[in-house]
Amino acid sequence: MSAENTSGFIQTQIENKIAFLTFSHPASNSFPSDLLQKLTLELNALSNHNDVHVIVLQSEGKTFCAGASFEELLSITNLEEGKKFFSGFANVINAMRNCSKIIIGKIQGKAVGGGVGLASACDFTYAYQDASIKLSEIAIGIGPFVIEPAVSRKIGKTAMSFLTLQPNSWQSADWAVEKGLYGDVFDSYNELTEATVAMAKKLASYHPDALAEMKKVFWEGTENWDNLLYERAAISGKLVLSDFTKNALNELKK
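All of these numbers come straight from a predicted model, not from anything done at the bench. (Residues numbered from 1 in each chain as written. Predicted model: local features only at pLDDT ≥ 70, side-chain atom pairs only at ≥ 80, totals over all residues. Heavy atoms only, no water.)

A.B. asks: Could you clarify how one ought to interpret empty space enclosed by the protein in this entry?
C.D. replies: The gaps of empty space that remain are located by a probe, the size of a water molecule, rolled over the atoms. Tallied over the full model, the rule gives one cavity of 30 Å³ or more. The computed volume of the largest cavity comes to approximately 210 Å³. Those elements that place two or more of their residues in the lining of the largest cavity are helix 2 (70–75) and helix 3 (79–98). When its residues are assigned to classes, the lining of the largest cavity shows 13 nonpolar, six polar and one charged. (1 Å grid on protein atoms, 1.4 Å probe; cavity = no way out; pocket = protein on both sides within 12 Å on 5 of 7 lines; lining within 4 Å. Points joined across faces, edges and corners; volume = space filled by probe spheres on them. Helix = DSSP H or I, 4+ residues; strand = E, 2+ residues; numbered from the N terminus. Nonpolar A, V, L, I, M, F, W, Y, C, P; charged D, E, K, R; others polar.)

A.B. asks: Mind showing me how you'd approach a negative patch on the surface here?
C.D. replies: Taken together, Asp174, Asp187, Glu191 and Glu194 make up a surface patch of like negative charges. Looking at where Asp174 falls in the secondary structure, it is placed in helix 7 (residues 173–179). (Patch = residues over 30% accessible without salt bridge, like charges linked within 9 Å, V, L, I, M, F, W, Y side chains within 5 Å. Areas by Shrake-Rupley, 256 points an atom, 1.4 Å probe, with all protein chains shown as cover. Salt bridge = Lys/Arg side-chain N within 4 Å of Asp/Glu carboxyl O. Lys, Arg positive; Asp, Glu negative; His and termini not counted. Charge placed at Lys NZ, Arg CZ, Asp CG, Glu CD.)

A.B. asks: Quick question: what am I supposed to make of the pattern of salt bridges here?
C.D. replies: Opposite charge on two side chains permits them to pair, given that their charged atoms come into close proximity. All told, the structure shown has six salt bridges when counted by the stated rule. Two residues, Arg97 and Asp226, come together in a salt bridge whose shortest N-O distance is 2.7 Å. One end of the pair, Arg97, is in helix 3; the other, Asp226, is in helix 10 (residues 225–239), with 129 residues separating them in the sequence. The partner of Asp123 in a salt bridge is Lys215, and the shortest N-O contact between them spans 2.7 Å. Separated by 92 residues along the polypeptide, Asp123 in the loop between helix 4 (114–121) and strand 8 (124–128) and Lys215 in helix 9 (residues 208–218) bring together distant segments of the chain.

A.B. asks: For this particular structure, what's the right way to read the pairing of strand 6 (residues 102–107)?
C.D. replies: Counting buried positions over the six residues of strand 6 gives six, a clear majority of the element. Here strand 6 shows two buried faces, one formed by Ile102, Ile104 and Lys106 and the other by Ile103, Gly105 and Ile107. Inspection of the sheet shows strand 4 (residues 54–59) paired to strand 6 by four bridges, in the parallel sense. Along strand 6, the bridge assignment pairs Ile55 with Ile103. (Buried < 20%, exposed > 50% of the residue type's maximum accessible area, 1.4 Å probe, protein only. Pairing = 2+ DSSP bridges.)

A.B. asks: In this structure, what is going on with the layout of surface pockets? I would like to understand it.
C.D. replies: Roughly 430 Å³ of volume is contained in the largest pocket. Along its surface, the largest pocket is lined by 21 residues, and Ala66, Ala68, Phe70, Val112 and Leu252 are the ones closest to its centre. Only helix 2 and strand 7 (110–112) provide two or more residues apiece to the lining of the largest pocket. When the residues that make up the lining of the largest pocket are grouped by side-chain class, the tally is 11 nonpolar, seven polar and three charged. Looking at the second largest pocket, its volume works out to about 240 Å³. If you trace the second largest pocket, you find 13 residues lining it, with Ser33, Glu72, Lys84, Phe85 and Gly88 closest to the centre. Among the elements of the structure, helix 1 (33–47), helix 2 and helix 3 are those that each provide at least two residues to the lining of the second largest pocket. Sort the elements by how many residues they give to the lining of the second largest pocket and helix 3 lands first, with six residues. Its residues placed into classes, the lining of the second largest pocket shows three nonpolar, seven polar and three charged.

What follows is the structure in structure tokens.
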């Protein structure tokens, strides 16, 4: 299965009951709204795919995910457009949460903003030593509102606050392991790949119904996210219209 265009692609390869779901975008794997929509649709399709027991979420290149597309953020002109764009991340996180399959995140590089949210919404993650993380949103006049529930659920409010209030500081992959975002970190890309595939194969050999029921247990207490994440999207959608944010984005673009 594949959904491609000139601004990136979503592609799935299924092998031995494992779906390798890959996303890619030339701008450091950032997400414009059309790519967010395609990722959501693919996650929903895989959730209902009987031949898939486990999903490996991964990306191409040196960066795992740079978060929201700066180009698209700059193009937002009204509240409705803003809410719609940030709802794209809400849709993806909710699709990951509601997916009946265990999702393993293969984090091969840096994760920023929404990329940290994607890693947090995985059920299990392995990472490369270079996979440092940063939440840069507050520095451009918005905040990690939509992804906050997923990140806080994974690493706790204290670590979430630490990341949010230091938007220009990278935290190492080892820090992310210590806080619970990553399950383990590997010194080489090959080791990361081997460990991820081995973990996926183990999980794929287990009873799929047991995995699906455990997934429900993992995400108990998040049922309000069906509304909460879209309320958060409205906050981001409003803030992105500010002169502060427009100026900050233009400076970063330069």
